[in-house]
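Survey of secondary and tertiary structure
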Amino acid sequence: MIEYNTAIVLVGASLLGASAGMIGTLAVLRRRSLVGDALAHAALPGLCLAFVVLGEKSMPAMLLGALCSGVLGVAIIAALRRWTRIKEDAAIGIVLSVFFGAGIVLSRLIQNHFVDGSKAGLDSYILGTTAGMIASDVAWIGGAALVSLLVVVVFYKELKLVLFDVSFAKIQGWPVVALDLLMMVLIAVTVVIGLPSVGVVLIAALLILPSASARFWTERLDYMLILATAFGFVVGLVGTAFSARFSLLPAGPIIVLTGTVVFLFSMLFAPRRGAFARMATLARFRKSLAAGELIEFD
Amino acid sequence: MHGESIALVLANWRMPIWTIVVGVVCAIPCAVLGCFLVLRRMSLLGDAISHAVLPGIVLAFLFSGQLSGIPVIVGAMALGVLTSMLTEALHHHGKVAEDASMGVVFTSLFAAGVILLNQVGRRAHLDADCVLYGLIEFVSEDTVDMLGMAIPRVLVSLAFTFAATVVFTVALWKELKIASFDPTHSTSMGINAGLMHYLLMAMVAGVTVASFEAVGSILVIAMLIVPAATAHLLTDRLFAMVLYAAAVAVISAVTGYLLADALNTSVAGMMAVTAGAQFGAAVFLAPRHGVAAKLRHNLLLALRVRSEDVLALLFRAEESQGNGGTSMGLPRPLCIKAAGEGLLAAAALRRLKRKREAESSPDGRFRLTESGRERARSLVRAHRLWEAYLSEHSVLPIDHLHEPASRIEHFLGPDLQREIANSLTQTDQDPHGKPIPPTALRDQNP
C-alpha cells in the first residue's frame with residue numbers, strides 16, 4: 001500500500017515528466033534545448049520579486065512572476081542576437097548567469113530583510129523539492145500538461161512544418177514568428193511549473209533527456225512525441241519511486257539520472273540509430289564491400 | 001559613532017579588503033579565458049564545464065577533505081576536458097544535436113554531483129549553499145599564514161590559477177589568436193586547433209574550480225562570459241578585448257562587493273549583476289557596435305538618402321523645365337513625397353535648407369541653390385552612369401535599370417564614377433536617352 005503523500009508525488013512527478021518530454025521534443029528539434037535552461041535560470045528573479053510584492057508565499061503569483069522574467073530573459077536573448085554582434089551562445093550564457101545572480105541577490109535580500117524571509121524557502125527552487133509536492137501542485141502540473149497536449153494536437157501540422165523546415169514554412173506564408181512564440185510559451189510554462197519540484201538547474205534535463213532518447217528510436221515526429229512523453233512519464237515515476245524507497249536520496253537528481261540511464265540505453269541499443277545497430281550496419285557494409293558485391297572486379 | 005563600533009571597524013578592516021582581493025583575483029582569469037570562449041562561440045561549454053565539475057569536486061573533497069588546493073584543480077581540469085570530449089562524442093558519434101548533447105552531459109554530471117554532495121554533506125561540513133553560491137563573504141575567516149600574513153586559504157589556489165592563466169595566455173598568445181579566429185587555417189599552418197581547444201577547456205575547468213569556493217558554480221559563468229562579451233562590444237582587437245574584459249571584471253568585483261555590503265545581500269550575485277549592468281550599458285552605448293551608435297548611423301543615412309532624393313528630383317525638374325538657374329522649383333508636397341513622407345521627410349527638407357542646398361520661396365516652392373545643384377548633378381550623373389553601366393554589362397532589361405540605379409546613386413563617389421565612365425563606350429547619354437551630366441569639376445572650370 002502506498003501512502004497518500006507518496007502517491008501524490010508519484011502522480012505529480014510522472015505527469016511533469018510526461019509533459020516535459022512532449023514539450024522537450026519541440027525544444028530539441030528546434031535546437032532550443034539550452035534556451036530552456038536559460039529560461040529556468042531567468043525565472044528566479046521573477047519568483048523572488050513576486051514574493052517581495054505580495055509579501056507572502058503564493059504559488060500562482062510566484063509562478064506568474066517566474067513566467068514573466070523567464071520570458072523576458074528569452075526575449076533579451078533574441079534581441080541580443082538580432083541587434084548586436086553577440087552570438088546566441090554568449091547571449092544565453094549572459095542572460096542565464098546575470099538573471100540568476102539577480103535572483104540570488106533578491107532571495108538573499110528577502111532572507112535578510114523580511115521577518116519571515118526564511119520561511120519563503122526560495123532556496124528550494126534552485127534544487128527543487130519533489131517530495132514536498134502537494135495536491136494543488138499536482139493539479140497545476142496536470143492542468144499545464146493538459147493545455148500543452150491540447151495545443152500540440154491542435155497545432156500539430158504547423159509545429160511540424162516549423163520544426164523541420166523554417167524557410168519552407170515562411171515561404172508558404174505560415175506565421176513562423178507566432179508559432180515560434182507559441183513553442184517558447186509552451187516551453188516556458190513547462191519549465192516554470194516544474195521549477196518547484198525539480199529546481200532551476202535540473203529542469204533542462206527533463207526537457208532534453210526524454211526527447212533526445214526518443215530521437216534514437218524513430219524518424220517520425222508523431223512517434224517521437226508519443227515516445228518522449230512515455231519516457232518522461234516513466235522517468236518521473238521510476239525516479240520518484242526510487243528516491244521514495246531510499247529516502248536519503250533527493251528526488252530531482254535521481255529523476256535526472258534515471259533519464260540519463262534511459263538515454264544511454266537508447267543511444268546504445270536503439271534499432272537503426274543506436275550505436276550497436278550502426279556498428280552492425282557498418283560491419284555488414286564492409287563485408288559486402290569485401291565480397292565485391294558493390295564493385296565489380298574484372 | 002560609538003567608540004566601541006569604531007574599534008570594531010578598525011579590527012575588521014582587513015575583511016572587506018580580502019574579499020575584494022579574492023573577487024578580483026578570481027574574476028580576472030575568468031574574464032581573460034572567457035574572451036576566447038566568446039570568440040570561438042563556445043560560451044555554453046564554459047557553462048557546461050562549470051556544472052559538470054561538481055561531482056569531481058565532491059569526490060576530491062571526500063578524499064582530501066578540502067574544496068580547494070592544487071590537486072583538486074588538476075583533477076577538475078581533467079573532468080573539464082572529459083566534458084568537452086563527451087559532448088563532442090555524443091554529437092559526432094551519437095548523432096545528437098550539439099546543444100542537446102551538451103545539455104545531456106552537463107545536467108547528468110551535475111545531478112550526479114548533487115547526489116554525491118547530498119551523501120557526503122551528511123557526514124562532512126559541505127553544503128549546497130557553498131557550492132552553488134560561493135562563500136566570498138567569509139573568505140577571511142579561513143586563512144593560512146604566508147609571508148607573515150594571514151591570507152585567505154582560497155586565495156592560494158586562486159593565485160595559482162591566476163598565474164597559470166597569465167602564463168598560458170602570454171605563452172600561447174599567437175596560437176590562441178589564430179585558433180580562435182580560423183581553426184582550419186591554424187591547423188593547416190601546423191598549430192593543432194584541436195589541441196588548443198582542449199588546452200583551453202582544461203584551463204577553463206581549472207579556473208572555474210578555483211573560483212567555485214568564492215562565487216559558486218553558476219555565477220562563475222557570469223565571470224567567464226559577461227566581461228568578455230562586454231569587451232567584444234567595445235573593440236575589434238583581441239589584445240584590447242582581453243584588457244577591457246579584465247577591467248570589466250575588476251569593476252564588477254569591486255562595485256559588486258560594495259553594493260552587496262550596502263544592501264546586505266549576496267556578494268557573488270551582486271558581482272554578476274554589476275557585470276550584467278556593464279554589459280547592458282555596452283549594448284546601448286558602445287562606440288561602434290552599440291545600439292545607440294547603430295541607430296544614429298541609420299538615422300543619418302536615412303536623412304542623407306532622403307534629402308539626396310529631393311535634390312535629384314529638383315535637378316530633374318530643372319532639366320525638364322529647361323531654363324537652368326532660373327527654375328520655378330517644385331511645390332513642397334512633391335518634395336515631401338520624394339523624401340518618402342513622414343517626420344523624416346520633413347527633417348530631410350529642413351536639413352537641405354540648413355545646409356543651403358535648397359531654398360524655399362514665400363509661395364512654398366523649393367529651388368536648388370548653387371551648391372545644391374552641384375551635389376544634385378553628381379547624384380544624377382551617378383544614377384545615369386550606373387544605368388548605362390548595367391545596360392552595357394548586364395542582361396537586365398531597360399525598364400529594370402532605374403530601381404537599382406536609384407539605390408546605388410547615393411554610394412557612388414567621384415572615384416567610382418570615373419571608373420564606371422572609363423568602362424563605358426558612351427558616357428554622354430544613358431540608355432533612356434537622357435544626357436549624363438558632366439562631372440562637377442569640369443563644369444566649375446570651363
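Presented here is a report on the structure given in the accompanying data block. (Residues numbered from 1 in each chain as written. Chains lettered and ligands numbered in written order. Predicted model: local features only at pLDDT ≥ 70, side-chain atom pairs only at ≥ 80, totals over all residues. Heavy atoms only, no water.)

Residues and elements named next belong to chain A. At a closest axis distance of 10 Å, the pairing of helix 7 (residues 135–154) and helix 10 (residues 176–198) adopts a crossing angle of 165°. By the angle between their axes, helix 7 is roughly antiparallel relative to helix 10. The hand of the helix 7/helix 10 crossing is left-handed. Along its contact with helix 7, which presents W140, I141, A144, S148, V151 and V152, the element helix 10 presents L182, L186, V189 and I193. (Axes fitted to C-alpha atoms, helices over the stretch in contact; angles between N-to-C directions. Helix = DSSP H or I, 4+ residues; strand = E, 2+ residues; numbered from the N terminus. Parallel < 35°, antiparallel > 145°, perpendicular 65-115°, else oblique. Left-handed = near helix turned anticlockwise from the far one by under 90°. Contact = heavy atoms within 4.5 Å.)

A few words on the interface of chain B and chain A. At the junction of the two partners, chain B supplies 59 residues and chain A supplies 53 residues. Both faces considered, chain B and chain A share a buried interface measuring about 4,600 Å² in area, 72% of it formed by carbon and sulfur atoms. Considering only the surface of chain B that becomes buried against chain A, L44, D99 and Y133 of chain B emerge as the three largest contributors, covering 13% of it. For the pair chain B and chain A, the interface holds one salt bridge. Residue R85 of chain A is joined to D236 of chain B by a salt bridge in which the shortest nitrogen-to-oxygen separation is 2.9 Å. Breaking the side of chain B that touches chain A down by element, the ones donating at least two residues are helix 3 (43–52), helix 6 (98–123), helix 7 (128–133), helix 12 (219–234), helix 14 (267–285) and helix 15 (291–321) of chain B. Broken down by element, the residue count for the side of chain B that touches chain A peaks at 16 residues, all from helix 6 of chain B. Of the residues that constitute the side of chain B that touches chain A, the class distribution is 33 nonpolar, 17 polar and nine charged. (Buried area = accessible area lost by both parts, 1.4 Å probe. Salt bridge = Lys/Arg side-chain N within 4 Å of Asp/Glu carboxyl O. Nonpolar A, V, L, I, M, F, W, Y, C, P; charged D, E, K, R; others polar.)

Residues and elements named next belong to chain B. Together, R332, R350, K353, R354 and K355 make up a region of like positive charge exposed at the surface. Examined against the element boundaries, R354 turns out to sit in helix 17 (residues 342–354). On the basis of relative accessible area, R354 is assigned to the exposed category, the value being 62%. (Patch = residues over 30% accessible without salt bridge, like charges linked within 9 Å, V, L, I, M, F, W, Y side chains within 5 Å. Areas by Shrake-Rupley, 256 points an atom, 1.4 Å probe, with all protein chains shown as cover. Lys, Arg positive; Asp, Glu negative; His and termini not counted. Charge placed at Lys NZ, Arg CZ, Asp CG, Glu CD. Buried < 20%, exposed > 50% of the residue type's maximum accessible area, 1.4 Å probe, protein only.)

Residue and element names in this part refer to chain B. With antiparallel pairing, three strands are arranged side by side in an open sheet as 3-5-4. A strand with exactly one partner marks an edge of an open sheet, and here the two such strands are strand 3 (330–331) and strand 4 (358–360). Where strand 3 meets strand 5 (residues 365–368), two bridges bridge the pair, whose relative direction is antiparallel. Bridge pairing links L330 to F366 in strand 5. Its contacts with the sheet place helix 15 against strand 3, strand 4 and strand 5, and it is angled at close to 85° to strand 5. (Pairing = 2+ DSSP bridges.)

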